Structure formats: C-alpha cells, structure tokens
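Summary of structural features
What follows is each chain in one-letter form.
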Amino acid sequence: MSESNTELKQTDPEIFERLQAEDRRQGRTIRLIASENYASAAVRQATASRLTNKYSEGYPGRRYYQGQEHTDAVENLARDRACKLFGAAHANVQPYSGSPANLAVYYALAELGDPILGMGLPFGGHLTHGWKVSFSGRFYDAHHYEVDPDTECIDFAAVREVAREVQPKMIICGASAYPRTIDFAAFAEIADEVGAYLLADIAHIAGLVAGGAHPSPVGAADVITSTTHKTLRGPRGGLIMCDDKLAKDIDRAVFPALQGGPHMNAVAAAAVAFNEAMSEDFEDYAHQIVKNAQALADGLAGYGLRLVAGGTDNHLLLVDLTPRELGGRDAAVALEKAGIVVNSNSIPFDTRGPFDPSGIRIGTAAVTTRGMDTDDMAQIADFIGRVLDDLDDDDALSRIGSEVEEFCADFPLP
Ligand code: DSN
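So, here's what we can say about the structure. For clarity, every value in this text was computed on a predicted model and none was experimentally measured. (Residues numbered from 1 in each chain as written. Predicted model: local features only at pLDDT ≥ 70, side-chain atom pairs only at ≥ 80, totals over all residues. Heavy atoms only, no water.)

Focus: the overall build of the protein
Helix and strand counts for the protein stand at 16 helices and 15 strands. For 414 residues, the compact-globule formula gives about 22 Å, and the C-alpha radius of gyration of the protein, at 21 Å, lands near that figure. Counting only C-alpha atoms and orienting by the principal axes, one finds that the protein spans roughly 60 × 60 × 35 Å. Counting every position in the protein, which comprises 414 residues, the buried fraction comes to 57%. In the protein, of all internal contacts separated by at least 6 residues, the share reaching a separation of at least 24 is 71%. With an accessible surface of roughly 17,800 Å², the protein has 48% of that area assigned to carbon and sulfur atoms. Charge separation in the protein, taken as the distance between the mean sites of 36 positive and 60 negative side-chain charges, equals 6 Å. (Helix = DSSP H or I, 4+ residues; strand = E, 2+ residues; numbered from the N terminus. Rg over C-alpha atoms; globule rule 2.2 N^0.38 Å. Buried < 20%, exposed > 50% of the residue type's maximum accessible area, 1.4 Å probe, protein only. Contact = heavy atoms within 4.5 Å. Areas by Shrake-Rupley, 256 points an atom, 1.4 Å probe, with all protein chains shown as cover. Lys, Arg positive; Asp, Glu negative; His and termini not counted. Charge placed at Lys NZ, Arg CZ, Asp CG, Glu CD.)

Right under this line is the structure:
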C-alpha cells in the first residue's frame, strides 16, 4: 500500500492506516506461515485492476453478459499459461480458492454419500479431504489414511489396505502439513487397482512442482487442484487441472453448479503469476525454498527440537515441541511477540488437542521470496531457539524482536 494511494487515504483513512500498518508488520516480521508468501508488485497491480468491476459468468467465447473482449483474452491467457506451466491438458482458473476447487471436483466426480479416501487432518491432510467438520466429511462417506507411527511418512501398504476395504470413488492425496515428498505414482497405482479417481491437491507445493523442486502429479492424477497463492506466489485463487475427458464435467461443476461470476481481477493476477513461474528465477526460488527448509531443520535440531518425519523434502517443517515440554500455542504466541510468525500445528498421533497441539508448522517460501538464504536460516533458527528458551520472559522476547526487525530490514518486501 503506497503513500501514493491518495484516494484511499482521503476517503477511508481508517482502512488506509490499517493497510499501511499491515505493510509495516509484514516488513518487520519473519513470515514462516507455510501457506503464505509475498506476491510480486505485478501480481498485486493486476489484483487491484478495474477487472474487479466486471461480471463474466460462463467461459471465454460463451458468456452470459456482454463486454467480454478483454476478460476472454485474460482468461484464455491464464488457462494457457497454467497448462504450459504444469504440462496439463485443461485448466479451470475460476475457483475462488482451494476449498471451492476441491468442492468442484467432488461435485463433478462423485455422488453424495460416495466413499472417499483422504489423508486425515491430524496427519497433515486438509479439511476438504474428508474431515468431519467440512462439507467433504458431511456429504461423503469419508475415510482416512494416516502416516506410519515410526517413520511419520505415508505408509502405502496401509493406504492400499484401506482403499481395498473402502473401495473409494476418489482418493485424495496432497497435504497441508506433510514435510516429505508425495509419491503421486504410488497413489495412482492404488487408485487404478480399486477403480478410484485420484485427486492430487498440490495447493502447498504448486510452486515447487512448477519450479521442478517436487515431482509433478501430471500423468498420475486424474485431477489436480491448487491454490495460486502459496509457494506458487500468485494472488488468492484456485485452479483445477485435468485431461480433456474430464474437462466438461469440471467446468460445469465450477460454473454454473457452484460459483457465479469469476473474480476476473484475480484471474488476471493468476495469469501474471503463471508467467512469472515460467522463469529461470522462479526455478532457482523453488529449489532455494527446499534448501532453506533443510537448513532451518538442521538449525532447529541443534536446539533440541524434534522434526516430524525426521526433516523435510519440501517447503515446510513440522516441529515437535514435546522434548522441550512446550505446547504449540504458547510457542506460537511467544514467537509472534518476537516478530516471528508461525502457526501451532498438530503432529501425527498428537496427545494434545487441535487448539493447543504439540507442534508448530514452519514454511520457508515467504522468507525465500525475500531473498534469504541458508545462512539466514541459521540466524532464524537461532532466534527461534532463543525464544523457546525464554518463552515467559517478555523483556527477552522484546529484545529478540528488535534484533528480528533489524535482520528483516536487509530484506525489503517485493
Ligand atoms: N490455510 C491453509 C494452510 O495454512 O495450509 C490451507 O487451506
């Protein structure tokens, strides 16, 4: 939010001040929420464009309102770029975000009450992978796979066993809090064996897939969903990709079944982000995210913290605080006092409740976007370790906060 936004400053100073304050907060804190990032100025400019004024129900060439020459061009660019970026045959760029994208896939490929099989929320899955408090757990006969209690990694023998038993209409793979590589081919083999559709939800790792730092589900999964704003670094939005034979059903599920007019400003911004993600710089960024996560994992292990699944292959770490006899919520609150922003998170087989679980989740996409490298991760691990040593000492937390602010000053926001 620049000072040059004079109209906003004049017409709504309260919101203007809040937006300025949020800019300052984002600049002076270390953002380690695994699902967050910093979109480029170009992405933010497209988001703020006058496309926000336009209704565009339908798809390019087949809209219900006039005045679509530019929206059609924008949506075609977004679809073509998504297909090129991921090597997919068909892309729908209209879902408002990841949950609506998943809802559209269920709507298109399953009937109410059909059995589905997804990763349990406490093991890293998402609410929309069949968890009981989400539509996906209420409207479908949802079953779950877990991780192996020893390795804390997906146990494909166990997935196969439950899939044979449940005979799901759809298997969902992909996660919100799983630090290891997802073997899409192994899931596809099980889905084929039981005659299920395979949905790969790559919301968290889409940027890694695009940048070649994580295997792609294209060719293994029947349908792929994603958000556009996590590691992929676009605007808030959703994306569905599939082959041509499912394209019509997916498109009809998004519109007219579940959504009205697409948010064309977000679609334009997603097109910008897809273009950015085709660059060599983006490839470097994707690989650096993983290097940074591994460096941070090494640093934190030195502070007596246990890493779920023994470390990370992607952009996130799940840190088990049990060896330090700390709870995730207290740790997250203390870290925020020192300017380090994470979320508390359940760990597999957690003995504590979801509101105050045993872990914290840490992601490295945003700090990588800011230009931080593996040496900087050692510094961040040190900040985190010191906060956890002094959890109840507000003076110490405030001193660390000043150091964090000084550290952040070297890494301007995009
Ligand atoms: N809220 C997202 C996350 O933090 O993983 C998932 O929707």
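With respect to the packing of aromatic side chains
Evaluation of the coordinates by the stated rule reveals 11 aromatic pairs. Measuring from centroid to centroid gives 6.5 Å for Y59 and F255, while their planes differ by 75 degrees, and the two rings are edge-to-face. Within this pair, whereas Y59 is found in strand β2 (residues 58-59), its partner F255 is found in helix α10 (residues 244-258), the two being separated by 196 residues in sequence. Take Y59 and F255: they sit in the same class, and that class is buried. The interplanar angle of 90 degrees and the centroid separation of 5.5 Å between the aromatic rings of Y106 and F135 together place this pair among those described as edge-to-face. (Phe/Tyr/Trp six-rings, centres within 6.5 Å; stacked < 30°, edge-to-face > 60°.)

Describing the state of the cysteines
Tallied over the entire structure, the rule returns 0 disulfides. In this structure C153 is not part of a disulfide, and its nearest cysteine sulfur, from C173, lies 15 Å away. Take C153: its relative accessible area is 21%, and that puts it in the partly exposed class. (Disulfide = S-S within 2.5 Å.)

Regarding the nonpolar core
Among the nonpolar cores identified, the biggest contains 66 residues, and F86, I171, F187 and L232 are the most heavily contacted of them. Top element by residues in this core is helix α11 (residues 264-276). It accounts for 8 residues. When residues no more than four places from it in sequence are discounted, the contact partners of F187 are Y145, I154, F156, V159, I171, C173, I182 and L198. Listed in part, the 38 residues of the second largest apolar core include L296, A331, L397 and I400. (Core = buried A, V, L, I, M, F, W, Y, C linked by side-chain atoms within 4.5 Å.)

Focus: the sheet that holds strand β9 (residues 223-227)
Spatially, β4-β10-β9-β8-β7-β5-β6 is the arrangement adopted by the 7 strands of the open sheet, whose pairing is mixed. Unpaired on one side and paired on the other, β4 (90-92) and β6 (141-145) mark the two borders of the sheet. Mean inter-strand twist for the sheet, computed between neighbouring axes without regard to direction, equals 20 degrees. Two elements, strand β5 (residues 115-119) and β6, share 5 bridges in a ladder whose sense is parallel. Note on β6: the bridge partner recorded for M119 is Y145. Helix α5 (residues 98-109) rests against β5, β7 (170-173), β8 (197-201), β9 and β10 (238-242) of the sheet, and its axis sits at about 160 degrees to β9. (Pairing = 2+ DSSP bridges. Axes fitted to C-alpha atoms, helices over the stretch in contact; angles between N-to-C directions.)

Looking at the packing of helix α12 (residues 280-301) against helix α15 (residues 374-389)
At a minimum axis distance of 8 Å, the contact between α12 and α15 shows a crossing angle of 40 degrees. In terms of axis orientation, α12 runs oblique to α15. Remark: the crossing between α12 and α15 carries right-handed chirality. The residues of α15 that touch α12, namely those facing Q288, K291, N292, A295, L296, G299 and L300, are T374, M377, I380, A381 and I384. (Parallel < 35°, antiparallel > 145°, perpendicular 65-115°, else oblique. Left-handed = near helix turned anticlockwise from the far one by under 90°.)

Quick look at the site of the ligand
The ligand sits among S35, H126, S176, H204, K230 and R361. H204 has a polar side-chain atom sitting 2.6 Å from an oxygen atom of the ligand. Out of a free accessible area of 230 Å², the ligand has 62% covered by protein chains. For the shell around the ligand, a count of residues per class yields no nonpolar, 4 polar and 2 charged. (Near = heavy atom within 4 Å. Polar contact = N/O pair within 3.5 Å; in protein donor to acceptor, adjacent residues only side chain to side chain. Nonpolar A, V, L, I, M, F, W, Y, C, P; charged D, E, K, R; others polar.)

As for a negative patch on the surface
Together, D330, D390, D392, D393 and D395 give the surface a local cluster of negative charge. Relative to the helices and strands, D390 resides in the loop between α15 and α16 (394-408). (Patch = residues over 30% accessible without salt bridge, like charges linked within 9 Å, V, L, I, M, F, W, Y side chains within 5 Å. Salt bridge = Lys/Arg side-chain N within 4 Å of Asp/Glu carboxyl O.)

Focus on the side chain of T29
Turning to its location among the elements, T29 is positioned in the loop between α2 (13-28) and β1 (30-31). A polar contact of 2.6 Å, which involves the side chain of T29, links it to the backbone oxygen of R25. Residues within four places of T29 in sequence aside, it is in contact with Y38, G339, V341, R370 and C408.

What to know about the sheet that holds strand β11 (residues 306-307)
One open sheet holds the 4 strands; their spatial order is β11-β12-β15-β14, and the pairing between them is antiparallel. Of all the strands in the sheet, just β11 and β14 (343-345) have a single pairing partner and so form its edges. Relative to strand β15 (residues 359-363), β14 runs antiparallel, the two being bridged by 3 bridges. Along β15, the bridge assignment pairs N343 with R361. In this fold α12 packs onto β11, β12 (316-320) and β15, with an angle of close to 15 degrees to the strand it touches most, β12. Those strands touched by helix α13 (residues 328-337) are β14 and β15, and its axis lies near 45 degrees from that of β15.

Comments concerning α16
Counted at 1.5 Å a residue, the expected span for α16 with its 15 residues is 21 Å, and the 20 Å between its end C-alpha atoms agrees. Along α16, the residues that are buried comprise A396, L397, I400, G401, V404, F407 and C408. Mapping the buried residues of α16 onto a view down its axis gives an arc of 145 degrees, with all of them on the same face. Facing away from the buried side of α16 by over 90 degrees, the exposed positions are D395, R399 and E406. In the core, the buried residues of α16 are packed alongside α2, β1, α13, β13 (340-341) and α15. Its side-chain oxygen 3.1 Å from the backbone nitrogen of D395, D393 forms the N-cap of α16. (Expected span 1.5 Å × (residues − 1). Arc of directions from axis to C-beta.)

Purely geometric numbers; function is a separate question.
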